[in-house]
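This is what each chain is made of:
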Amino acid sequence: MDTLVDILLLAFIAICAIAILRLRDLFAVTMMFGLFSFIAAGLFATMHALDVAFTEAAVGAGIATILILVTLGQTARREKSQAGRNVLLPLLVVWVTGAVLIYGTADLPVFGDPQAPAHLHVAPYYIENTREHIGIPNMVAAVLASYRAYDTLGEVVVVFAAVLGVIALLGLRRRPAGVEARPRDLEEHQVLKVVAKMIVPVILLFALYVQFHGEYSPGGGFQAGVIFAAAIILYALVFGLDTARQVIPPRILGWLPAVGVLIFGCTGVLTQLLGGNYLDYYVLAENPQTAQQLGILMIEIGVGVTVASVMLLIYFIFAERALGTRTDDGEAGR
Amino acid sequence: MALALDLLSWALILVGGAFGVIGGIGLLRLPDFFTRIHAGSVTDSMCAPCIIAGLMLQSGLTLVTVKLAFLILFLLLTSPTATHALAKAALHGGLVPGKEHSPAEEHRG
């Protein structure tokens, strides 16, 4: 039965990929990418990798789709026609790469093989010791935030670097003078407003639940940050960018990505000052399990703050530009 | 009692599945955009809640049931809204109900 579900989901993914190749309408392609991510999340869920599935659904199907749509709003809606271009060389490259990849899979261990190197190296140690060392049920959170906290620090810095790149390229500038964020047609949409008013607080609450319950159930700072950002983006879409800016002033938002990384990094410095190694939580409290949980809680807050504020900043910057270039027929300026 | 609950739950799951298939057929076969999103919303607002209600009966009085109840509530709020937003956006974009193509699309070819 499991095999059947796997085959079905993989077939859907293949169909999605082919559809993405054949479509020329980029909005449709974006929706197909969201679908692709969502099916992949389903696939991860069937493998019981719930944290990964959660992340894939929230990031891949959720926020990435929104950001690409906002980007498309400022560029072109349709892919340029590439008729007349030589297809032989790309085809050759793709075939050779594909053949090499398929040849490479011959050396991989069989799916689910207990003798696979991934299951023999450090995984047994984590599985056997998480309960004793850290005392939380969600082993993924333990590995992510305690055993492998360095890697997670690296990931958070990557997210931070992403927003630095966006700011460096597009700038934090306000919209040009004279361009009013005039009430868009969405202002008349009573149904959307009422439902958004009901939904947004619940989403924010859910984000907090995912953040602080991440040690006990799938979730954690990354997912919570994305969900939090999604709620604010929904608010901005329905009530307008300026209203959302009043809720989260850009002056404060600009600091938050750095604050998140600092919370993470300073936790490490704190443990050093208390006499331990960098990000070695045992010095934080008497009881080793309490110490570990305290450390995990602190760095997860750092992760959540960085991820949420980075997603919001990128969205705000993109949307601000879209306002600046919007013309009357709704087509984006080129 | 247990048997009755089990039967009811399976009936709900099957009805939900049937609605899913009907929605899928409608999505493929109906003539224009507005009738098609109607078919899509059938999937959202009948298929999923029926299946979830069936699953609630399967899981009994547990935390899972409470979570599933929240899911139904969330779906019943959001999916009609999404359909409404789609239809409104299409109308705003110049799509006329009953016509296959919008004037803008015909103009573009």
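Note that the structure is predicted; figures quoted are calculated from it, not measured.

A. Here's a closer look at the overall build of chain A. On a plain count of helices and strands, chain A comes out with 14 helices and zero strands. When the helices and strands of chain A are listed from N to C terminus, the series reads α-α-α-α-α-α-α-α-α-α-α-α-α-α. If you line up chain A on its principal axes, its C-alpha atoms span 65 × 50 × 35 Å. The burial tally for chain A puts 28% of its 334 residues in the buried class. Restricting to contacts in chain A with at least 6 residues of sequence separation, those with at least 24 account for 70%.

B. Representation of the overall build of chain B in the model. Broken down by element type, chain B carries four helices and zero strands. Its helices and strands in sequence order give chain B the pattern α-α-α-α, from N to C terminus. Looking at chain B as a whole, 13% of its 109 residues are labelled buried. When contacts within chain B are restricted to residue pairs at least 6 apart in sequence, those whose partners lie at least 24 apart make up 62%.

C. The arrangement of the packing of helix α3 (residues 50–74) of chain A against helix α10 (residues 221–239) of chain A in detail. Residues and elements named next belong to chain A. Viewed as axis vectors pointing N to C, α3 and α10 meet at an angle of 35°, and their least axial separation amounts to 10 Å. Where α3 crosses over α10, the two elements pack in a sense that is left-handed. Seen from α3, the contacting residues are Phe54, Thr55, Ala58, Val59, Gly62, Ile63 and Ile66; seen from α10, they are Phe222, Gln223, Val226, Ile227, Ala229, Ala230 and Ile233. Class assignment of the residues belonging to the contact of α3 with α10 gives a composition of eleven nonpolar, three polar and no charged.

D. Spotlight on the interface of chain A and chain B. In this complex, chain A contributes seven residues to the contact, which on the side of chain B involves seven residues. Residues belonging to the side of chain A that touches chain B are distributed by class as follows: five nonpolar, one polar and one charged.

E. Structural detail: the nonpolar core. All names here are of chain A. If you look at the biggest cluster of nonpolar residues, it comprises 59 residues, and the most contacted ones within it are Val226, Ile227, Ala229, Ile232 and Met311. Of all the secondary-structure elements, those providing two or more residues to this core are α2 (26–46), α3, α7 (139–147), α8 (149–170), α9 (190–212), α10, α13 (256–273) and α14 (288–325). Looking at this core, the element that brings in the most residues is α14, giving 15 residues. When we break this core down by domain, the ones giving at least three residues each are domain 1 (1–78) and domain 2 (140–334). Ignoring anything within four residues of it in the chain, the contact list for Met311 reads Ile63, Gly225, Val226 and Ala229.

F. Expanded view of the domain arrangement of chain A. Residues and elements named next belong to chain A. Domain boundaries assigned for chain A yield domain 1 (1–78) and domain 2 (140–334). Taken together, the contact pairs 15 residues of domain 1 with 19 residues of domain 2. Broken down by class, the residue content of the side of domain 1 that touches domain 2 amounts to eight nonpolar, six polar and one charged.

G. Layout of unusual backbone geometry. Not every positive phi belongs to a glycine, and His48 of chain A is a case in point at roughly 65°. Turning to its location among the elements, His48 of chain A is positioned in the loop between α2 and α3.

H. Spotlight on the environment of Ile39 of chain A. Residues and elements named next belong to chain A. Looking at where Ile39 falls in the secondary structure, it is placed in helix α2. Using a count of 21 C-beta atoms within 10 Å as the deciding quantity, one classes Ile39 as buried. A C-alpha to C-alpha distance of 13 Å links Ile39 and Val52, two positions 13 residues apart in sequence.

I. Fine view of the confidence of the model for chain B. Residues and elements named next belong to chain B. Chain-level statistics for chain B give a pLDDT mean of 86 and a share of 90% at 70 or above. Confidence, read as mean pLDDT per element, is least for helix α4 (residues 103–108) in chain B (46) and greatest for helix α1 (residues 2–29) (93). Throughout residues 102–109 the model reports pLDDT below 50, and contacts reaching past four residues in sequence, or to other chains, amount to seven contacts. Under the prediction, the complex receives an ipTM of 0.79, its pTM being 0.85.

J. Up close: the environment of Phe74 of chain B. Tracing the backbone shows Phe74 of chain B in helix α3 (residues 63–92). Expressed as a C-alpha distance, the spacing of Phe74 of chain B and Ser9 of chain B, which sit 65 residues apart in the sequence, is 21 Å.

K. A look at the packing of α8 of chain A against α13 of chain A. Residues and elements named next belong to chain A. Between α8 and α13, the least distance of the axes is 10 Å, while the angle of their chain directions is 165°. In this view, α8 runs roughly antiparallel relative to α13, as classed from their interaxial angle. You can see that α8 and α13 cross each other, and the crossing is left-handed. For the pair α8 and α13, the contacting residues are Leu153, Val156, Val157, Phe160 and Val163 in the first and Pro257, Gly260, Val261, Phe264 and Gly265 in the second. Residue composition of the contact of α8 with α13, grouped by class: eight nonpolar, two polar and no charged.

L. Representation of the confidence of the model for chain A. This prediction gives chain A a mean pLDDT of 86; 92% of its residues lie at or above 70. Taken together, the stretch residues 326–334 of chain A has pLDDT below 50 and engages in six contacts with residues farther than four places along the chain or on a different chain.

Procedures and definitions
Residues numbered from 1 in each chain as written. Chains lettered and ligands numbered in written order. Predicted model: local features only at pLDDT ≥ 70, side-chain atom pairs only at ≥ 80, totals over all residues. Helix = DSSP H or I, 4+ residues; strand = E, 2+ residues; numbered from the N terminus. Buried ≥ 20, exposed ≤ 12 C-beta atoms within 10 Å, placed from the backbone. Contact = placed C-beta atoms within 7 Å. Axes fitted to C-alpha atoms, helices over the stretch in contact; angles between N-to-C directions. Left-handed = near helix turned anticlockwise from the far one by under 90°. Nonpolar A, V, L, I, M, F, W, Y, C, P; charged D, E, K, R; others polar. Core = buried A, V, L, I, M, F, W, Y, C linked by C-beta atoms within 7 Å. Domains from an automatic or database assignment. pLDDT = per-residue confidence, 0-100. Parallel < 35°, antiparallel > 145°, perpendicular 65-115°, else oblique.

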